[in-house]
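# What the coordinates show
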Amino acid sequence: MSTDTLARLAAVIESRKGASPEASYVARLLAKGTDAVLKKVGEEATEVVMAGKDGDAARIVAETADLWFHTLIALAHFGVGPAQVLAELERREGLSGLAEFARRGDGGTGAAPQEQRR
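Residues numbered from 1 in each chain as written. Predicted model: local features only at pLDDT ≥ 70, side-chain atom pairs only at ≥ 80, totals over all residues. Heavy atoms only, no water.

### Here we look at the nonpolar core
Proteins that are soluble and globular tend to have nonpolar side chains buried together. Ile13, Val26, Leu30, Val37, Leu72 and Ile73 are the most contacted members of the largest nonpolar core, which totals 14 residues. Broken down by secondary-structure element, the contributors of at least two residues to this core are α1 (3-16), α2 (25-31), α3 (34-54) and α4 (57-77). For this core, the element with the highest residue contribution is α4, accounting for six residues. Filtering out sequence-adjacent residues up to four positions away, Val26 remains in contact with Ile13, Arg16, Phe69 and Ile73. (Core = buried A, V, L, I, M, F, W, Y, C linked by side-chain atoms within 4.5 Å. Buried < 20%, exposed > 50% of the residue type's maximum accessible area, 1.4 Å probe, protein only. Helix = DSSP H or I, 4+ residues; strand = E, 2+ residues; numbered from the N terminus. Contact = heavy atoms within 4.5 Å.)

### Thoughts on the packing of α1 against α4
One way to put it is that α1 packs onto α4 with a least axis distance of 10 Å and a crossing angle of 55 degrees. Judged by the angle between their axes, α1 and α4 are oblique. Here the hand of the crossing between α1 and α4 comes out right-handed. The residues of α4 that touch α1, namely those facing Leu6, Leu9, Ile13 and Glu14, are Phe69, Leu72, Ile73 and Ala76. Here the residues of the contact of α1 with α4 sort into seven nonpolar, no polar and one charged. (Axes fitted to C-alpha atoms, helices over the stretch in contact; angles between N-to-C directions. Parallel < 35°, antiparallel > 145°, perpendicular 65-115°, else oblique. Left-handed = near helix turned anticlockwise from the far one by under 90°. Nonpolar A, V, L, I, M, F, W, Y, C, P; charged D, E, K, R; others polar.)

### Description of the packing of α3 against α4
In the contact formed by α3 and α4, the axes pass within 9 Å of each other and the chain directions differ by 160 degrees. By the angle between their axes, α3 is roughly antiparallel relative to α4. The hand of the α3/α4 crossing is left-handed. Here α3 contributes Thr34, Val37, Lys40, Val41, Glu44, Ala45, Glu47, Val48, Met50, Ala51, Gly52 and Asp54 to the contact with α4, which in turn contributes Arg59, Ile60, Glu63, Thr64, Asp66, Leu67, His70, Thr71, Ile73, Ala74 and His77.

Shown next, in the form of structure tokens:
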């Protein structure tokens, strides 16, 4: 998938935001609100994990495509586009993961600093 593919898919998702929920899956999911959108992302992420545990490469690809699609819907819901995520990945390119964790102050856990203190 190229950045063009992501941009085209994001544009389609954006165009569906104003569509009828009866005519568009994206519009229907967005109409259900933030919790429904995030729940769907979580479900898709879990399916990627399960496919990985099974070691089924074709299913990993298919489930990752579902996860990316639903993540793009979540990004659109929050007014964020894939270009912003790609820019962040480019910013991190060449950085040591441990250095990035130290910069963020999460100690290598991947959790936000406030989550560590709980």
